[in-house]
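What follows is each chain in one-letter form.
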Amino acid sequence: MTHTLGLLLSPASTSPSNGAAEFPFNQPSADIILRSSDHVDFHVRRSVLAQASHIFADMLSIPQPQNEERIRNQCLPDVDLVEDSKMLRRLLLLCYPVNKPELEPLEDIVPVLRAATKYVMEWPITLITRNLLSLVPSKPFRVWAVACEAGLDTVTQQAAQQLVVATQATSSNDKRAPFRTERDLLKGVSAGDYFRLLALLRLSFPYRNCPLRSLSPVSSSLPSKYHEPSPLHFMPYNPAPD
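Residues numbered from 1 in each chain as written. Predicted model: local features only at pLDDT ≥ 70, side-chain atom pairs only at ≥ 80, totals over all residues. Heavy atoms only, no water.

Moving on: the side chain of Arg-90. Positionally, Arg-90 belongs in helix α4 (residues 85–95). Given the relative accessible area of 14%, Arg-90 is considered buried. If sequence neighbours within four positions are ignored, Arg-90 has contacts with Glu-102, Leu-103, Glu-104, Asp-108 and Val-112. (Helix = DSSP H or I, 4+ residues; strand = E, 2+ residues; numbered from the N terminus. Buried < 20%, exposed > 50% of the residue type's maximum accessible area, 1.4 Å probe, protein only. Contact = heavy atoms within 4.5 Å.)

Negative phi characterises most residues that are not glycine, and trans characterises most peptide bonds. The amide bond that connects Phe-23 to the next residue, Pro-24, takes the cis arrangement and shows omega of 5°. Within the chain, His-39 stands out as a residue other than glycine whose phi angle is a positive 65°. With respect to the helices and strands, the residue His-39 is situated in the loop between β2 (32–35) and β3 (41–44). Here Val-120, not a glycine, exhibits a phi torsion of approximately 55°, which is positive.

Moving on, we get to the packing of helix α5 (residues 109–118) against helix α6 (residues 122–135). Packing of α5 against α6 leaves a shortest axis separation of 9 Å and a crossing angle of 150°. The orientation of α5 relative to α6 falls into the category roughly antiparallel. In this structure, α5 meets α6 at a crossing whose hand is left-handed. In this structure, α5 uses Ile-109, Val-112, Leu-113, Ala-116 and Thr-117 to contact α6, whose residues at the interface are Pro-124, Ile-125, Ile-128, Asn-131 and Leu-132. Among the residues forming the contact of α5 with α6, the class breakdown is eight nonpolar, two polar and no charged. (Axes fitted to C-alpha atoms, helices over the stretch in contact; angles between N-to-C directions. Parallel < 35°, antiparallel > 145°, perpendicular 65-115°, else oblique. Left-handed = near helix turned anticlockwise from the far one by under 90°. Nonpolar A, V, L, I, M, F, W, Y, C, P; charged D, E, K, R; others polar.)

The geometry of helix α7 (residues 140–150) relative to helix α8 (residues 153–169) is characterised by a closest axis approach of 8 Å and an angle of 155° between their N-to-C directions. Judged on the interaxial angle alone, α8 and α7 are roughly antiparallel. The handedness of the crossing between α7 and α8 comes out as left-handed. Across from Pro-140, Phe-141, Val-143, Trp-144, Ala-147 and Cys-148 in α7, the residues of α8 making contact are Val-155, Thr-156, Ala-159, Ala-160, Gln-162, Leu-163 and Ala-166.

Of the two faces of β3, the one holding Asp-41 and His-43 and the one holding Phe-42 and Val-44 are both buried throughout. Sheet topology note: the β2/β3 ladder contains four bridges and is antiparallel. When the bridges of β3 are listed, Ile-33 appears paired with His-43. In sequence, β2 turns back onto β3 through a hairpin of five residues, with His-39 there showing a positive phi of about 65°. (Pairing = 2+ DSSP bridges.)

Spelled out as C-alpha cells, the structure:
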C-alpha cells in the first residue's frame, strides 16, 4: 500500500539532498526525514505524522531493519516522496502546531489538497475547506474553479450560488466581464462542472445575457444547435420511479 503511494523508507540514503528545509522542519528533535522530489529534507517528528495521516501511521508502524552505517553516523531514516518542496512545506505546515500560511494563490491549493487526500490527512482537508468557504463572498468564480478541480462538492455548490448572486448584483452592462478576465481558470474544470454552472446561470439570466455563453469550450465549427443544448438533453428518457 505504501509503495503505490510513492513512499519509500530508505535503509540508507539513496538520493542526494539539496539541504534541510527551513523552520520548523530543521529541528534536532526530529526523528525522521521526508525528502521532497527536488531533494529538500524536511526533518519531522513521527508522532506528528502518525496523528495527521493514517498512511504514515501504518508505514511507520512497520519494523525496519537496522542499518549499521546509519547507527554509526547517527543518521535519521528518510522517506522519499513524489511531492516537491513548495507543496510539501504547505502540507506539513497544516499538520504542525504552528501559524498556518495563507493559501495564495488559490491555484496552489489544488496539489496540496490532492496530497492531503492521498495521505488521508483529514485535518489539512478541513482547514483548506474552511479557508475556501471564507473566500466565497469575495472570490466566488476563482473558488468555484479551484473547488471543482479539487473535488470539493460542498464548496463548489456554495461558490456557484454566490456567483449567481454576485453577477446579478453587478452594475456592469457586460455581466460577462469578470468571467472573461479569469477564463484561464476554466482549464482545470471538467466539462460536466462547466455545463452545470452554465445551466444554473441560465435559470437566472435571459439567454442573451448569460455570463458564460460566449466562453463555451465547444468548438465554434460545430452547428449552432450543438452550442446551446437544451436542459432536456441532460434528463433521462424515462422518469425515475417514485
